[in-house]
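# Remarks on the overall topology
Residue strings, one per chain:
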Amino acid sequence: MIVKTISLLGHKDHGKSTLIGSLLMHTGSATQVRIKEAEAYSKKLHKDFEPAFILDSFAEEREQEMTYDTTRAEIKYKDLAFAFIDVPGHEELIKNMISGASYGEIAVLLVSAKADEGIRDQTKRHLFIARMLGIESLVVAVNKMDLVGYDKKRFDMIKDGLSGFIEKIGFEKTMVSFVPVSAYKGENLVKRSRFMNWYKGKTLIDLIYSGTKKQSGNKTGALRIIVQGFLEGQRDFAVGRVVKGNLSLTGGFCISPGNLPVKIKSIIVKGKKVKKAIIGENVALQFDKKMGSDLRGSVISNKGDCPEARAKVRATIFITKKLDKNSSIRFNGSDIQIKKMSVAEYIDPTTGTRSTNGKMELLSAISADLILSKQIPAEKFDETRELGRFVLYSDGAFAGIGTITGY
Amino acid sequence: MIKQDLTVLEERSIFVLREAKQKFGKVAALWSMGKDSTTMLALARKAFLGKVPFPVIHIDNSIDFPETYEFRQDLAKKWNLDLIVAPSEIKPDLVGSACCGKNKPETLKKVMDEYGFDALIVSIRRDEHGIRAKERYMSPRDKKFRWNYKDQPAELWDDYSSKLDVGGHVRVHPLLDWNEIDIWNYVKRERIPVNPLYFSRNGYRYRSLGCTHCTIHIKSNARTVENIISELETTKIEERSGRSMDKEREYVMQRLRSLGYM
Ligand SMILES: Nc1nc2c(ncn2[C@@H]2O[C@H](COP(=O)(O)OP(=O)(O)OP(=O)(O)O)[C@@H](O)[C@H]2O)c(=O)[nH]1
Ligand SMILES: [Mg+2]
């Protein structure tokens, strides 16, 4: 069965974990043990049943009623399986949110309709991050409709309040849909709600289903193999993964950086000698000679079609920790020092506004030119995702993410 | 139980195993002779051209089932495994989770120190338990084996943690994405040898293997891998229901894992 990964997004307490828990219950996907356990802890904490506890498994998460770290749960629907990725909404846990959301193919954003909740900065920040991560298809679930008398006006208000921003940060209108729900009561999740007859669209699960069909798959194109390194003690045997295009033994190859010509004698996939390898496959490649230099993070392509190696890139960067002198990027397994960073634009992720003057702030974004200590085989994120993204480290700790937009 | 695409799962596991070998100097794996860690070894053989390129550790409290010992001997020979048997003494005053939480990690600590391993491959899966579902593919443990679950490293874009505390190690979880039924489908597809205890005898079989003290068999007539697969397709009972420690007290799994349990 094909599994589609769906990342949840949204401000703390707007109902992400509840929604997944509820979906598990309404589709019969949670085991009795998990449900009973969640029930017992709800009771113990003197609460009505909390579907969120099916996901929130740490003691701290239940006692404080918030998700600390990301987790997954699966649901079967029609011909597909959905793996829902729960993420924490709390600002301080953005590192965990990014980790979880990075595995999402599409996203479901929760916005609470409750009077004192609504659209928040963190709601928009999550959307901004999802876009950066490459998520194209989005379902916005306006939640807690039970608390506002299933009022259409409240739904419209949130829809209107968010639509402009969503388009501004780069989602296409046809890839976004809105649905009013009550995650807690199960309204409009799997069955149409009889309390919201004014809503004529699909249920949440059907919107997710069609959303996954819209998401464009891997683009085909020139061969790109990212090298992980050599097999132990064998400098003529490299291992890596085909991230784009197809590999076949005909013709010559080149390695970037360095534009080194190389001959591949044999391809081994899952222990077997083969003539071809396709996108997504992990390969072992035997060269015609022992290689002198280390190859971790290098890219193998067909001869004459190597990505150019660059020490300067323009990137959009989301920052979660103060950058100090000792900042670096992790690019396909290798750490590369940032020698110089000059900011071209400051981007406010809560409005999408770009301006040439401003201040570098945490949980905010910039577009900047990076001068690196070493050349990397970079391409634009839109061209080849795996060669157009990096993780930012400052003083050895996670400091944000970047996507390459130019050179 | 959701059946996933085996090829997708296989590719991810191979990638993680190869990353572990690239990133860390001294890698070892835990091998309990159960279906998961044996499947992991089959994957390692695919990732590394037919041979398992790291030692496998069996924490042996000498009260495992006899079938398990036989299986260990046979497969170690057949797959040419570099087997480290770490004898673990059962202290009679410890029962249930106290036993699992103390004896095994303490023995493991000794082996890890003695050999200086900096990465340990453990074949846990998310679908086994809500706490295991919170794990990363690679997850650091400090020198006391503690899991700082409140501050796990970021993990995205095929970039896994490589931070090592002095005296600590990194747990590597290549099977995190697999479901129980995927393991069995893969065992079937790849004809992976399995411990005979998984098959029904006199109306009972083991679904999850711990040691004789803590593992209870389930009612089942499944005598073949195919039988097990059809049994799993309909069951509503959890895999680890035969493990006494999971049921004892609240958050016992969380406590055990944070202290170094595998
Ligand atoms: N009445 C009502 N309450 C809801 C609904 N959805 C969620 N809640 C409640 O809102 C609270 C927070 O829900 P969670 O699911 O824990 O929120 P979350 O988005 O996962 O929060 P974080 O994990 O902290 O980011 C819980 O008490 C839920 O019971 C809903 O549709 N209606
Ligand atoms: Mg939550």
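To start, this report covers the structure provided alongside it. (Residues numbered from 1 in each chain as written. Chains lettered and ligands numbered in written order. Predicted model: local features only at pLDDT ≥ 70, side-chain atom pairs only at ≥ 80, totals over all residues. Heavy atoms only, no water.)

What follows is about the overall build of chain A. When helices and strands are counted, chain A shows seven helices and 23 strands. Taking 2.2 N^0.38 as the reference for a compact globule, 407 residues should give roughly 22 Å; the C-alpha atoms of chain A span a radius of gyration of 23 Å, in line with that estimate. Viewed in the frame of its principal axes, chain A has a C-alpha envelope of about 70 × 55 × 40 Å. Across the 407 residues that make up chain A, the buried fraction comes to 59%. Look at the contacts in chain A between residues 6 or more apart in sequence, and 70% of them connect residues 24 or more apart. (Helix = DSSP H or I, 4+ residues; strand = E, 2+ residues; numbered from the N terminus. Rg over C-alpha atoms; globule rule 2.2 N^0.38 Å. Buried < 20%, exposed > 50% of the residue type's maximum accessible area, 1.4 Å probe, protein only. Contact = heavy atoms within 4.5 Å.)

Our focus in this paragraph is the overall build of chain B. Along chain B, the regular secondary structure elements total seven helices and eight strands. Relative to its full complement of 262 residues, chain B shows a buried share of 63%. Accessible surface, chain B: about 10400 Å² in total, of which carbon and sulfur atoms supply 50%. (Areas by Shrake-Rupley, 256 points an atom, 1.4 Å probe, with all protein chains shown as cover.)

Now for the coordination of the magnesium ion (ligand 2). Bound to the magnesium ion (ligand 2) are the protein donor atoms Ser 17 of chain A (OG) and Thr 67 of chain A (OG1), situated 1.9 to 2.0 Å from the metal. One end of the pair, Ser 17 of chain A, is in helix α1 (residues 16-26); the other, Thr 67 of chain A, is in the loop between α3 (59-63) and β2 (71-77), and 50 residues separate them in sequence. (Donors = N, O, S within 2.8 Å, 3.2 Å for Na, K, Ca; no water.)

One finds Ile 98, Leu 127, Leu 138 and Phe 318 of chain A together with Phe 54 and Ile 57 of chain B to be the most contacted residues of the largest nonpolar core, which totals 119 residues. The element that contributes the greatest number of residues to this core is helix α1 (residues 6-23) of chain B, accounting for seven residues. Judged by nonpolar contacts, the second largest core, of 34 residues, contains Tyr 41, Val 139, Ala 183 and Ile 208 of chain A. (Core = buried A, V, L, I, M, F, W, Y, C linked by side-chain atoms within 4.5 Å.)

So, about helix α5 (residues 121-132) of chain A. All names here are of chain A. Compared with the 16 Å implied by 1.5 Å per residue over twelve residues, the 17 Å span of α5 between its first and last C-alpha is a close match. For α5, a buried count of ten out of twelve residues is recorded, marking the element as mostly surrounded by other parts of the structure. Taken together, the buried positions of α5 are Gln 122, Thr 123, Lys 124, Arg 125, His 126, Leu 127, Phe 128, Ile 129, Ala 130 and Met 132. (Expected span 1.5 Å × (residues − 1).)

Right, let's talk about the pairing of strand β5 (residues 138-143) of chain A for a bit. Residues and elements named next belong to chain A. For β5, the buried fraction is high: six of the six residues fall into the buried class. Of the two faces of β5, both are covered, the one formed by Leu 138, Val 140 and Val 142 as well as the one formed by Val 139, Ala 141 and Asn 143. Here strand β4 (residues 106-112) pairs with β5 via six bridges, running parallel. Considered in β5, the bridge of Ala 107 is made with Leu 138. Of the crossover connections in this fold, the one passing from β5 over helix α6 (residues 152-168) to the parallel strand β6 (residues 176-180) is right-handed. (Pairing = 2+ DSSP bridges. Right-handed = clockwise from strand over helix to strand, strands pointing away.)

Take unusual backbone geometry next. Residues and elements named next belong to chain A. Residue Ser 256 is joined to Pro 257 through a cis peptide bond whose omega torsion reads 0 degrees. The residue Pro 257 is located in the loop between β10 (253-256) and β11 (260-262) in this model. The phi dihedral of Lys 270 falls on the positive side, at around 50 degrees, and the residue is not glycine. Within the element layout of this structure, Lys 270 appears in the loop between β12 (264-269) and β13 (272-274). Here the phi dihedral of Asn 332 falls at roughly 45 degrees; this positive angle occurs in a residue that is not glycine. Note on placement: Asn 332 falls in the loop between β18 (327-331) and β19 (334-347).

So, about the sheet that holds strand β1 (residues 2-10) of chain A. All names here are of chain A. Across the sheet, which stays open at both edges, the six strands sit in the order β2-β3-β1-β4-β5-β6 with mixed pairing between neighbours. Strands with a single pairing partner mark the edges of an open sheet, and in this sheet they are β2 and β6. Between one strand axis and the next, the sheet turns by 25 degrees as a mean value, whatever way the strands run. Pairing of β5 with β6 involves five bridges; the strand directions are parallel. Considered in β6, the bridge of Val 140 is made with Phe 178. (Axes fitted to C-alpha atoms, helices over the stretch in contact; angles between N-to-C directions.)

Residues and elements named next belong to chain A. Around ligand 1, the structure places 21 residues, and the nearest of them are Lys 16, Thr 18, Thr 67, Gly 89 and Asp 146. One of the backbone nitrogen or oxygen atoms of Asp 13 is found 2.9 Å away from an oxygen atom of ligand 1. Ala 183 is positioned such that a nitrogen or oxygen atom in its backbone is 3.0 Å from an oxygen atom of ligand 1. Relative to its unbound accessible surface of 660 Å², ligand 1 loses 91% to contact with the protein. Among the elements that make up the shell around ligand 1, the one with the highest residue count is α1 (three residues). Along the lines of polarity and charge, the residues of the shell around ligand 1 split into five nonpolar, nine polar and seven charged. (Near = heavy atom within 4 Å. Polar contact = N/O pair within 3.5 Å; in protein donor to acceptor, adjacent residues only side chain to side chain. Nonpolar A, V, L, I, M, F, W, Y, C, P; charged D, E, K, R; others polar.)

As enumerated under the stated definition, the model contains 44 salt bridges over all chains in all. Residues Glu 60 of chain A and Lys 150 of chain B are paired through a salt bridge, measuring 3.8 Å at the closest nitrogen-oxygen approach. Of this pair, Glu 60 of chain A sits in helix α3 while Lys 150 of chain B sits in the loop between β5 (138-141) and β6 (169-172), on two different chains. Overall, Lys 150 of chain B belongs to the partly exposed group, its relative accessible area being 45%. (Salt bridge = Lys/Arg side-chain N within 4 Å of Asp/Glu carboxyl O.)

So, about the interface of chain A and chain B. Every contact between the two is made by 60 residues of chain A and, on the other side, 50 residues of chain B. Both sides together, the interface formed by chain A and chain B hides about 4900 Å², and carbon and sulfur atoms give 50% of it. Area buried by chain A at its contact with chain B is led by Phe 58, Tyr 103 and Lys 270 of chain A, which between them contribute 15% of it. Linking chain A to chain B there are twelve salt bridges. For the pair chain A and chain B, the number of links is 27 residue pairs in polar contact (both at pLDDT 80 or more). Tallying contributions element by element places β2 of chain A first for the side of chain A that touches chain B, with five residues. Among the residues making up the side of chain A that touches chain B, the classes are represented as 24 nonpolar, 18 polar and 18 charged. (Buried area = accessible area lost by both parts, 1.4 Å probe.)

Before going further, it helps to spend a moment on helix α5 (residues 180-190) of chain B. Residue and element names in this part refer to chain B. The buried fraction of α5 amounts to eight of the eleven residues, a majority that puts the element mostly inside the structure. Turning to α5, its buried residues are Glu 180, Ile 181, Asp 182, Ile 183, Trp 184, Asn 185, Tyr 186 and Val 187. In this structure, the buried residues of α5 make contact with α1, α2 (35-47) and α6 (225-234). Among the residues trailing α5, Arg 191 stands out with phi positive, at a value near 50 degrees.

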